[in-house]
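Now for the letters of each chain:
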Amino acid sequence: MTGISLLTVPTAGPGDLEALAALDRTGCAAEDLVAVIGKTEGNGCVNDFSRTLAAAAWEPRLLATAVTVFSGGTEGVLSPHVNLFVRDDRRHPGFDRGLVAAAGRTRVLTPAEVGREAQVDAVGETVAKLLAELGAGPADTHLVIVKCPLLTSEKITAIRAAGGVPVATDTYESMAHSRAASALGIALALGECDRPTALRALSGASHVSSARASTSAGAELDDCHILVVAESTSAANPLRALHGEMADALDIASVTALLDRVRADGGTIRQIFAKAEADPAGTVRGLRHTMLTDSDVNATRHARAAVGGLLSALKGDGAVYVSGGAEHQGPSGGGSITVIYELPTPVRSDRP
């Protein structure tokens, strides 16, 4: 069981490791990190090398059991930052539960497996294993973050040379297929669907939505990096989490409902993790949007900027984790959302 603390640190660039100094000031070290989850200032698309640089800077400094997940794209008011999930097994006085986290990796996926049934199974099996390690059930789980591979031009060529058919012939489109397969693996592990339903959803024959899944794809890895965050009575710390769904990019009501619950608990928002996508119907609340028809700016970049602005205003700063492309991560045109918050230390009353 791994209780955690959370440290969010702004970055000056993808290779900025100043967060290690901030970690040191808390009395912890890189060896205590469970995961580094960050936003980098690239385009968030296939050729976003800001993710690659960030991963290359951080991974040599982490234990093999830790994972990195870097999501590119800080459009609008979103600010580059890292979220450090730090192992903290102290039992804080006055608390009888708290947040726990576990990280792991799937096996390496072959290019032909990206976006396919094999990826659904690999992610599902790894998430299930991490839940077992935590002793946490689906009802206790508030967030599962996955970083998964995409198909480069070279990988597409290699699949064809071997007589196979890639899940997509467009590299940008392959990102969506990979995100979808990972999200369905999460849904399968959390009991939100059975395997036949997940595979039908993968082919577009049924719909599955997970309010706890957050997946993004990149060219900087060949396996899937996974972080599971849950609440447990085996930990005793002030961190708590809530999860929900945004119905669309303007759904401020669903977000404020979660934040109202935080305030009712006397809590302080520590971070918001959200997915965002351009509604595939081409409209938002009956009005046409142009995110999907803009030939200059990718739709995922539009969606991150829109949702990022809304969430940053509510949180009070732009260090919010918003990831574009929400296939099976919340309802179509909307997205999953998780709020991590901190409770105040209980006032101790000693009686003679």
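The structure displayed is predicted, hence computed values, not measured ones. (Residues numbered from 1 in each chain as written. Predicted model: local features only at pLDDT ≥ 70, side-chain atom pairs only at ≥ 80, totals over all residues. Heavy atoms only, no water.)

**Student:** I keep staring at the environment of D251 and nothing clicks. Help me out?
**Tutor:** Here D251 is to be found in the loop between β9 (239-246) and α7 (252-264). On the basis of relative accessibility, which here comes to 7%, the residue D251 falls in the buried class. Counting along the chain gives 73 residues from D251 to G324, while the straight-line C-alpha distance between them is 16 Å. Filtering out sequence-adjacent residues up to four positions away, D251 remains in contact with E245, M246, R285 and L310. Within the local environment of D251, its side chain forms a polar contact with the side chain of S254, the two groups lying 2.6 Å apart. (Helix = DSSP H or I, 4+ residues; strand = E, 2+ residues; numbered from the N terminus. Buried < 20%, exposed > 50% of the residue type's maximum accessible area, 1.4 Å probe, protein only. Contact = heavy atoms within 4.5 Å. Polar contact = N/O pair within 3.5 Å; in protein donor to acceptor, adjacent residues only side chain to side chain.)

**Student:** For this particular structure, what's the right way to read the nonpolar core?
**Tutor:** Generally speaking, nonpolar side chains in soluble globular proteins are found buried as a group. Counting residues in hydrophobic clusters, the biggest one holds 27 residues, and the most contacted among them are V127, V144, V146, I186, I226 and V228. Listing elements by their share of this core, those giving two or more residues are β5 (98-105), α3 (117-134), β6 (141-149), α5 (171-189), β7 (213-218) and β8 (225-232). Ranked by residue count, the leading element in this core is α3, at six residues. Excluding its chain neighbours within four sequence positions, the residues that come into contact with V146 are V123, S182, I186, S214, T215, S216, C224, H225 and I226. (Core = buried A, V, L, I, M, F, W, Y, C linked by side-chain atoms within 4.5 Å.)

**Student:** Got a minute to help me understand the sheet that holds strand β10 (residues 268-276) in this structure?
**Tutor:** In sheet architecture, strand pairing relies on hydrogen bonds along the backbone and comes in two forms, parallel and antiparallel. The four strands are arranged β9-β14-β10-β13 in an open sheet whose pairing can be described as mixed. The strands lining the two open edges of the sheet, one partner per strand, are β9 and β13 (321-324). Direction aside, the axes of adjacent strands within the sheet are offset by 10 degrees on average. The sheet contact formed by β9 and strand β14 (residues 335-342) spans eight bridges and is antiparallel. Within β14, the residue paired with M246 across the bridge is G335. Across the sheet, helix α8 (residues 299-315) lies against β9, β10, β13 and β14, angled at about 160 degrees from β10, the strand it touches most. (Pairing = 2+ DSSP bridges. Axes fitted to C-alpha atoms, helices over the stretch in contact; angles between N-to-C directions.)

**Student:** Is there a simple way to think about the UniProt feature "binding site: substrate" (unreviewed entry) in the chain in this case?
**Tutor:** Taken from the UniProt record, the annotation "binding site: substrate" (unreviewed entry) applies to R51, S71, G72, R179, S216, A217, R304, S323 and G324. As for its placement among the helices and strands, G72 is situated in strand β3 (residues 67-72). The contacts of G72, once residues within four sequence positions are left out, are K39, T40, G42, G44, D48, R51 and R304. A217 gets classed as buried once you look at its relative accessible area, which sits at 2%. Setting aside residues up to four positions removed in sequence, A217 forms contacts with R51, K147, C148, P149, L150, M175, S178 and R179. (UniProt positions renumbered as here; feature names shortened; annotations may be inferred.)

**Student:** Please clarify how the UniProt feature "binding site: Mg(2+)" (unreviewed entry) in the chain should be interpreted in this entry.
**Tutor:** Per the UniProt entry, the sites bearing "binding site: Mg(2+)" (unreviewed entry) are E277, A326, Q329, G330, P331 and G334 in this numbering. For this annotated set, covering 58 residues, all C-alpha atoms fall within 9.9 Å of each other, a compact arrangement in space. Following the sequence through the fold, A326 ends up in the loop between β13 and β14. Among residues more than four places away in sequence, those in contact with A326 are K275, A276, E277, G334 and G335.

**Student:** How should I be thinking about unusual backbone geometry in this particular structure?
**Tutor:** Outside of glycine, negative phi angles account for most residues, and trans bonds account for most peptide bonds. In this model, R285 sits at a positive phi of 55 degrees, which is unusual for a non-glycine residue. The phi dihedral of H328 is positive, around 65 degrees, even though this residue is not glycine. With respect to the helices, strands and loops of the structure, H328 is situated in the loop between β13 and β14. Taking relative accessible area as the criterion, H328 reaches 14% and is therefore assigned buried.

**Student:** Could you clarify how one ought to interpret the side chain of T300 in this entry?
**Tutor:** As for its placement among the helices and strands, T300 is situated in helix α8. The class for T300 is buried, based on a relative accessible area of 10%. Filtering out sequence-adjacent residues up to four positions away, T300 remains in contact with Y172, R179, G324 and G325.

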